[in-house]
Amino acid sequence: MKKTALILAGICLIIAGMSCSVKENTGPDKAIYEKVDSIMSLMTLEEKAGQMLNLGLAALLEGPFFTFRDTLIFDTAKVNSLLVKHGAGSVQNLGTYPLTPEEWRYYIGYIQNVVKGQTRLKIPVLYGIDAVHGANYTAGSVLTPHQINIAASFDTSLARIAGEITAYEMKASAIPWNYSPNLDVARNPLWGRIYETFGEDTYVTTMMGKSMIEGMMGNDPAAYDKVIASAKHFIGYGAMVTGKDRSFVMMPEHYIRQILLPPFEEAIKSGLLSIMVSSSSLNGTPSHIDHYFLTKVLKEELGFKGVVITDWGDIDNLVNNHRVAKNEREAVKMSVLAGIDICMEPYDASFSEHLIDLVKSGEVPQSRVDDAVRRILYVKYKSGIFDDMLFEKHSYDKFASKEFDSLSLQAARESITLLKNANNILPLAKNKKVLVTGVAGNSINYLNNGWSRTWAGEDTAYNDKQKHTILQAIKAEIGSQNVKFVQGTGYTNEINIDEAVNNARQADIIIACVGEKPATEVPSNIEDLELPDAQIKLVEKLAATGKPVILVMTQGRPRIIRKIEPLVQAVVMAYVPGNEGGIAISDIIFGNANPSGKLPYTYPRYSGSIIMYDHQRENDFGFMAYRPQYEFGYGLSYTTFEYGDIKLDSDSVKSGNTINCSIDVKNTGKLAGKEAVLLFVTDEYASVCPVVKQLKRFTKIYLEPGETKTVTFKLELKDLMFVSSNNKRVYEPGSFKISIGNKEAGFYLYE
Ligand code: BGC
């Protein structure tokens, strides 16, 4: 049997040239593959190369690619060249400003009609977009909290809901393909895109990613309210050495497999059909030409059947930045041979021209192109666009509905993390005189950050006027007459700190809203993890008045607050809570909601001691380097929870068995509340230095005052395994420790 499988695998490799192609004409997708093969039998090389091209919408519009447009007008010459002559298979993203659902239908409809009317095979275009926190490029859509908030909620059902809302509102805009979720495990707090991820932990990223993908895709991504999810960025993008976006990653393969790969593995099991490649290089090889990871690992080992798409302009980057190819033609060759199926070459069709030439000269085997196109057409069928190019058979009454808004609000509330609450100063009574100050205090943009109506998310012109900033929400809560606002600072500059301080003297309480200016990708790079000086100074001067200060942070990264943390009475981490964030923050401050978020990353105290929670022990040694401001998984509530002892159904398990752990959690305070219960496992001794602890399970429970619930987790052998230095997942008999809350228990694993 084994021998036959090996021979077949060998034949498959030879046929595909450099990759093992998808050859499944059996199974549930048999009918789809038959249709795909029948179309492919009619296709020319030129048509196939066109399918592999992904254009930016702006390439089809009048004017230079990067220009401000207040109206989007198709340029017929560009449309004829790119869509008709070159037959581009997919188009993506914005002209400049966000469109309404009707406008999206009009523009995508135009594209589909061109393809239908003017191309030989009438293969619909797959439209893709970055809908990373709701359908953020559709005007008026629900802007849910970003992924980092969803992670902080420690409730996977909220990831599912966020995925569902996003898919629904995308489809209302006739867009079937989403460049989301982000499954990068964020291993460097300097990175500006942390808010787009589920944080530093592999297990959280895996479970949240799975739920979000299931929410987006459901059982059938062709359904009127579902989309094709495209997880990104494969692989290593969030584990760069420098903390700068798109910079190199150095990580041995066994750590890649241990830390970075599991979210993708699980997503593929959940039916993921599209993956975007990392713009970084990994151990000296740009991911876009990494045949080992793209083809051997992703397509062959993990059995990924979907499409692999480049990131923006990244084939050009092989020449311009990575410098592994001397010209674009060589870069196209290297990346297609490595396993790239779709090239996001937003500006023109040079990719397909080079590819045609490379196939004609025999440098790229036809079989590799056929494999890519087969994947593309398969995904197009799965997306439903062959049946209904614009998803016009349904009405989308729930677009921007109250129901969706309130789910978004719930996610924001459940993510906000209370990090300090000296003398239970929070929640505040509603009869106090409050000064709201700080750069984030009266800004919708700071609540939404990047990917919000525009790429950078800075433009205020597209904000939803009816949404509340923190200031507006607080005014609505306690009455305008009780609230004064003085901004104090910009992001890095002082504006009117003295005025803020003078007003602070008249107030009972100061709510200082600090944060990060909206940005993503390279523009989000920073030089220093400390909160900018001007914002630190504002808080210091406010605190010097002697009035209590509530520090509210709207930021993706854990900006260092060591100097001001002791000066303030409460710290509320809101991350990037989205359009309902103002209300959610006010609800937490005034006790309409009981905080239940926990940190999805380690909050460093010093920029020179950046150590994740799941570090190896040597980091603790001697100089106490691991002393974060707040630990991963930390977060307070307005009530108190008491954990009973951990009960294991055995203190020794055999390798084939499971182990059940249960623990009682009691609400010992006076308020109802939710508690995220986190289970960590420690492998006491192993052949690869074991880390201090690793999260293996979590759940979130609701408890009335006085109520006790028993939480039971079942651990399997795979939870006790690790990737050894020979890159194989192994288990080693020995002692293990389980910790939940402040309780610990041990057991022994036998052969
Ligand atoms: C980003 C991706 C994004 C793509 C398309 C890139 O620059 O890195 O995350 O999906 O652009 O907008």
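Above this text is the structure in question.
Parameters and conventions
Each residue is numbered by its place in its chain's sequence as written, counting from 1. Only residues with pLDDT of 70 or above have their local features reported here, since the model is predicted, and side-chain atom pairs are shown and tallied only from 80 upward, although totals for entire chains, interfaces and linings are computed over all residues. By convention in this description, side-chain values take in all heavy atoms of the structure and omit both hydrogens and water. The term salt bridge refers to a pairing of a side-chain nitrogen on Lys or Arg with a carboxyl oxygen on Asp or Glu at a separation within 4 Å. In this description a helix means any DSSP run of H or I spanning at least four residues, a strand means any run of E spanning at least two, and both kinds are numbered starting from the N terminus. Partly exposed describes any residue whose relative accessible area lies between the buried limit of under 20% and the exposed limit of over 50%, with all areas from a 1.4 Å probe on protein chains only and scaled to the type maximum. The aromatic pairing rule takes the rings of Phe, Tyr and Trp, using the six-membered ring of Trp, and pairs them if the centres are within 6.5 Å, calling planes under 30 degrees apart stacked, those over 60 edge-to-face and the rest tilted. Think of it this way: DSSP has to see at least two bridges between two strands before they count as a pair. In this analysis, axes come from line fits to C-alpha atoms, helices being fitted only over the stretch in contact, and the angle between any two N-to-C directions falls in the range 0 to 180 degrees. Here, proximity means that at least one heavy atom of the residue falls within 4 Å of the molecule or strand. Each polar contact in these results corresponds to two N or O atoms within 3.5 Å; when the atoms are within protein, one needs to be able to donate a hydrogen and the other to accept it, and residues that are neighboring in sequence are counted only if both atoms are side-chain atoms. Each accessible area is a Shrake-Rupley result for a 1.4 Å probe, and residues are judged covered by the shown protein chains and nothing else. Throughout, the ten residues Ala, Val, Leu, Ile, Met, Phe, Trp, Tyr, Cys and Pro are labelled nonpolar, Asp, Glu, Lys and Arg are labelled charged, and all others, Gly among them, are labelled polar. Only four residue types enter the tally: Lys and Arg on the positive side, Asp and Glu on the negative side; His and the chain ends are excluded. Contacts are residue-level and defined by heavy atoms, with any inter-residue pair within 4.5 Å sufficient. The cut-offs work like this: below 35 degrees is roughly parallel, past 145 is roughly antiparallel, 65 to 115 is roughly perpendicular, and the gaps in between are oblique. For any helix crossing, the convention is left-handed if the near helix is rotated counterclockwise from the far helix by under a right angle, and right-handed if that rotation is clockwise. Each patch is built from salt-bridge-free residues with over 30% relative accessible area, joining like charges within 9 Å and nonpolar side chains (Val, Leu, Ile, Met, Phe, Trp, Tyr) within 5 Å.

## Digging into the pattern of salt bridges
If charged atoms from side chains of opposite charge come close, those side chains can pair.
Next up, step 1: The full count for this structure, using the stated rule, is 47 salt bridges.
Next up, step 2: We note a salt bridge from Lys360 to Glu46, for which the minimum N-O separation is 3.4 Å. In this pair, Lys360 sits in helix H14 (residues 350–360) while Glu46 sits in helix H3 (residues 45–51), placing the two residues 314 residues apart along the sequence.
Next up, step 3: On the accessibility criterion, Lys360 (60% relative accessible area) is exposed.
Next up, step 4: Here Arg557 makes a salt bridge to Glu516, at a shortest N to O gap of 2.9 Å. Of this pair, Arg557 sits in the loop between strand S15 (549–554) and strand S16 (570–573) while Glu516 sits in the loop between strand S14 (509–515) and helix H20 (533–543), placing them 41 residues apart in sequence. Grouping residues by exposure puts Arg557 and Glu516 together as buried.
Next up, step 5: Look at the salt bridges and you will find they share partners, linking Lys299, Asp341, Arg368, Asp371 and Arg375 into a network.

## Points about the packing of aromatic side chains
Next up, step 1: Tallying each qualifying case throughout the model produces 31 aromatic pairs.
Next up, step 2: For the pair Trp191 and Tyr237, a centre-to-centre distance of 5.3 Å together with 85° between the ring planes defines the contact as edge-to-face. With a gap of 46 residues between them, Trp191 in the loop between strand S4 (177–178) and helix H8 (202–217) and Tyr237 in the loop between strand S5 (228–234) and helix H9 (253–260) connect regions that are remote in the sequence. The same class applies to Trp191 as to Tyr237, namely buried.
Next up, step 3: Look at Phe234 and Phe264: their rings are 5.1 Å apart centre to centre, the planes differ by 85°, and that puts the pair in the edge-to-face class. In this pair, Phe234 is assigned in strand S5 and Phe264 in helix H10 (residues 262–269), connecting sequence segments 30 residues apart.
Next up, step 4: You can call Phe234 buried: its relative accessible area is 1%.

## Considering the sheet that holds strand S3 (residues 126–129)
Strand pairing in a sheet relies on backbone hydrogen bonds, with the paired strands running either antiparallel or parallel.
Next up, step 1: Here 8 strands make up an open sheet; going across it, the order is S9-S6-S5-S4-S3-S2-S1-S10 and the pairing parallel. Each end of this open sheet is capped by a strand with a single partner; those strands are strand S9 (307–309) and strand S10 (343–344).
Next up, step 2: Relative to S3, strand S2 (residues 90–92) runs parallel, the two sharing 3 bridges. Paired with Val91 across the two strands is Tyr127, which belongs to S3.

## Describing the pairing of strand S11 (residues 417–421)
Next up, step 1: Across the 5 residues that make up S11, a large majority, 5, are buried.
Next up, step 2: For S11 and S16, the ladder comprises 4 bridges, and the chain directions are antiparallel. Residue pairing in the sheet places Thr417 in a bridge with Met573 of S16.

## Some thoughts on the sheet that holds strand S12 (residues 434–437)
Next up, step 1: Taken together, the 6 strands give an open sheet; going across it, the order is S11-S16-S15-S14-S12-S13, and neighbouring strands pair in mixed fashion. Each edge of the open sheet carries a strand with a single partner, namely S11 and strand S13 (483–486). Between one strand axis and the next, the sheet turns by 15° as a mean value, whatever way the strands run.
Next up, step 2: Direction of pairing for S15 relative to S16: parallel, over a ladder of 4 bridges. Residue pairing for S16: Val552 is matched across the bridge by Val572.

## Observations concerning the site of the ligand
Next up, step 1: Neighbouring the ligand are 13 residues; Asp130, Arg193, His233, Asp311 and Glu521 lie closest to it.
Next up, step 2: Note that an oxygen atom of the ligand is positioned 3.0 Å from one of the side-chain N or O atoms of Lys232.
Next up, step 3: The side chain of Glu521 places a nitrogen or oxygen atom 2.7 Å from an oxygen atom of the ligand.
Next up, step 4: With the chains in place, 95% of the 310 Å² that the ligand exposes on its own is no longer accessible.
Next up, step 5: Its residues assigned to classes, the shell around the ligand comprises 5 nonpolar, 2 polar and 6 charged.

## Structural notes on H9
Next up, step 1: Summarising burial for H9: 7 of the 8 residues are buried, a large majority.
Next up, step 2: Within H9 the residues assigned to the buried category are Glu253, His254, Ile256, Arg257, Gln258, Ile259 and Leu260.

## Focus on the environment of Pro64
Next up, step 1: Within the secondary structure, Pro64 sits in the loop between strand S1 (53–56) and helix H4 (76–85).
Next up, step 2: Given the relative accessible area of 55%, Pro64 is considered exposed.
Next up, step 3: For the pair Pro64 and Val114, spaced 50 residues apart in the sequence, the C-alpha separation amounts to 22 Å.

## Things to note about unusual backbone geometry
Next up, step 1: A cis amide bond links Lys232 with the next residue in sequence, His233, at an omega value of -5°.
Next up, step 2: The topology assignment puts His233 in strand S5.
Next up, step 3: Along the chain, Leu426 connects to Pro427 via a cis peptide bond; the corresponding omega equals 0°.
Next up, step 4: Unusually for a residue other than glycine, Asn93 sits at a positive phi of about 60°.
Next up, step 5: Along the chain, Asn93 turns up in the loop between S2 and helix H5 (101–118).
Next up, step 6: Classification of Asn93 by relative accessible area gives buried; the value is 8%.

## So, the side chain of Arg105
Next up, step 1: Looking at where Arg105 falls in the secondary structure, it is placed in helix H5.
Next up, step 2: Buried within the structure, Arg105 lacks any salt-bridge partner; Glu392 is the closest side chain of opposite charge, at an N-O distance of 4.9 Å.
Next up, step 3: Within the structure, the side chain of Arg105 is placed 2.5 Å from the backbone oxygen of Leu390, a separation counted as a polar contact.
Next up, step 4: Within polar-contact distance, the side chain of Arg105 engages the backbone oxygen of Phe391 at 3.5 Å.
Next up, step 5: Every residue in contact with Arg105, bar those within four places of it in the chain, is listed here: Lys171, Ala172, Ser173, Ala174, Leu390, Phe391, Glu392 and Tyr396.

## Observations concerning the packing of H9 against helix H11 (residues 291–301)
Next up, step 1: Running from amino to carboxyl end, H9 crosses H11 at an angle of 50°, the nearest separation of the two axes being 14 Å. Taken as axis vectors, H9 and H11 run oblique relative to one another. Here H9 runs over H11; the crossing is right-handed. Along its contact with H9, which presents Glu253, Ile256 and Arg257, the element H11 presents Tyr292, Phe293, Val297 and Glu301.
Next up, step 2: Of the residues belonging to the contact of H9 with H11, the class tally is 4 nonpolar, no polar and 3 charged.

## Remarks on a nonpolar patch on the surface
Next up, step 1: Taken together, the side chains of Val241, Phe248 and Met250 present a nonpolar region at the surface, about 290 Å² in accessible area.
Next up, step 2: Tracing the backbone shows Phe248 in the loop between S5 and H9.

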